[in-house]
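Descriptive structure summary
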Amino acid sequence: MLNGAELVARGDEQWDSARAAFNLAIDQRPAMVARPGNADEVAAVVGYARENGLRIAVQAEGHGAGPLAGVGEDTLLLKTARMTGAEIDAENRRSRVGAAAKWQDVSALASPQGLAGLSGSSAEVGVVGYMLGGGHGWLSRKHGMACNSVVGAEVVTADGQLLRADRENEPDLFWALRGGGGSFGVVTALEFELYPVPELYAGMLTWPWERTADVLHAWREWVSGLPNEMSTWARVLQVPPLPDIPEPVRGRQLVVVEAAYLGAEESGGELLRPLRDLAPELDTFAAVPPAALGHLHMDPEDPVPFAMSGQLLDALPPAAIDTIVEAVGPDSGSPLLSLELRQLGGALTEAPPDAGALASVDQAFLTLGVGMVMDPGMASAINAHLDLVSNALEPWDSGVKYANFVDVPIDTRLCYPPETFDRLQEVKARYDRHDLFRANHPIPCSAAAR
Ligand SMILES: Cc1cc2nc3c(=O)[nH]c(=O)nc-3n(C[C@H](O)[C@H](O)[C@H](O)COP(=O)(O)OP(=O)(O)OC[C@H]3O[C@@H](n4cnc5c(N)ncnc54)[C@H](O)[C@@H]3O)c2cc1C
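Here we summarise the structure given alongside this text. (Residues numbered from 1 in each chain as written. Predicted model: local features only at pLDDT ≥ 70, side-chain atom pairs only at ≥ 80, totals over all residues. Heavy atoms only, no water.)

A look at the site of the ligand
What surrounds the ligand is a group of 34 residues, the closest being Ala60, Gly64, Ser121, His136 and Tyr402. Gly64 places a polar main-chain atom, nitrogen or oxygen, 2.8 Å from an oxygen atom of the ligand. Within the contact set of the ligand, an oxygen atom lies 3.1 Å away from a side-chain nitrogen or oxygen of Arg342. Here the ligand, which alone exposes 960 Å², has 96% of that area covered by the protein. Elements with a minimum of two residues in the shell around the ligand: strand 3 (55-59), helix 4 (127-132) and strand 10 (186-193). Top contributing element to the shell around the ligand by residue count: helix 4, with four residues. Classifying every residue of the shell around the ligand by side-chain character gives 15 nonpolar, 16 polar and three charged. (Near = heavy atom within 4 Å. Polar contact = N/O pair within 3.5 Å; in protein donor to acceptor, adjacent residues only side chain to side chain. Areas by Shrake-Rupley, 256 points an atom, 1.4 Å probe, with all protein chains shown as cover. Helix = DSSP H or I, 4+ residues; strand = E, 2+ residues; numbered from the N terminus. Nonpolar A, V, L, I, M, F, W, Y, C, P; charged D, E, K, R; others polar.)

As structure tokens, then:
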């Protein structure tokens, strides 16, 4: 124990469970694991690491642990797992969460009030890590990236101080935390806006994957006229035969269109008509509460071994669809569980006044390829196929990276416009000039500002 924070060292009974990440393909071997329960304990851990010449990698459950695969003896892994808790103020449409809160903790409170945070595809993902990296989800075409819904953060910085960052206090830190990642300190609490969702019509349509080409071409044409109230993702899915996967899709190869519509069943159904005309074999669309959005995409709820990779595309012409069908459709030999296409646009392209570091996303589509690495032998085939997809889509690739969808170390410069990256480096140098915090997608200190 260290001032109340639990310390787990190599050889301790809990060592393997303490160092594990949600992504079971990642083998983290830090110098030790610390599990503080509150901000004071976080400050004690930060002081301990500094005094012992260790860097700090902060992690909730490790959904984004891939780029940290090399965490080793020079690094203390600070797991926020004990810092759970979420509360909402329905009247003022605000939520406040602890460092380890998951989206399901927020939606359990907000959904019955007809409110929603800007969560992503999974109810299990950590609110803080998701928001620090940007946060793209079902309501993004209407309300933008989730990071720009943040109104305040409490942060323990490298000198062990607990700071409040918001529009009035530490405004540069507040700016950097909204999309600049976890390089600036340990976020111990986060406050953000909730949005009214009086009506929601959501679900998925599925077809056997022999229909991949005609469904994806039809989806591509369909999305061009959609209002911002409609968000839609299409995917080619090879579903493993696992027991916790819903029966109608378990073990199947499918092409799937998912969508969430902020509106009534009647108008949503009208918008969906061109896709329903393609005679899907399964149609799960229904009026649902906001909490249902955390399960629509059927993400895994328990830790799994996976590799993933995404791209931001400037355009998706018919030739890009043909390329995708060839790469992951029938006869492709693809080992990928899923390749998805998310339509962007709408509010994502408009930087809100006083936005954070990830102010807008100007590209038209976001892709995500995922493979299950059930044994080490599969890793090379999956990574090779993720590379094949990304090379094939190169003609439409913007070259910009979306950090939350990159699961290997990259040059973080690729995630931001040059002037944003420069400012992030300056903020890093101001708050962590000895580079104590090791984020999954790190911002290095600028040499000039150090
Ligand atoms: C199944 C699944 C579904 C996903 N769906 C989406 C999606 O729809 N949209 C989307 O945008 N992303 C999505 N992601 C990506 C996800 O948002 C990122 O992996 C994010 O980093 C996860 O945050 P975490 O806290 O759960 O993960 P962690 O691995 O625990 O944290 C990731 C990083 O966040 C930082 N961090 C976390 N907590 C703190 C803290 N308290 N203080 C400072 N830094 C901290 C650290 O730098 C850490 O390396 C998904 C990932 C998975 C595995």
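On we go.
A look at the layout of surface pockets
Estimates place the volume of the second largest pocket at around 410 Å³. As for the second largest pocket, its lining consists of 23 residues, and the residues nearest its centre are Ala307, Met308, Asn383, Asp407 and Val408. (1 Å grid on protein atoms, 1.4 Å probe; cavity = no way out; pocket = protein on both sides within 12 Å on 5 of 7 lines; lining within 4 Å. Points joined across faces, edges and corners; volume = space filled by probe spheres on them.)

Let's talk about the environment of Leu414
Structurally, Leu414 is set in the loop between helix 10 (376-392) and helix 11 (418-431). Relative accessible area serves as the criterion here: at 39%, Leu414 is assigned to the partly exposed category. For the pair Leu414 and Val400, spaced 14 residues apart in the sequence, the C-alpha separation amounts to 5.4 Å. Excluding residues that lie within four positions of it along the chain, Leu414 makes contacts with Gly399, Val400 and Lys401. (Buried < 20%, exposed > 50% of the residue type's maximum accessible area, 1.4 Å probe, protein only. Contact = heavy atoms within 4.5 Å.)

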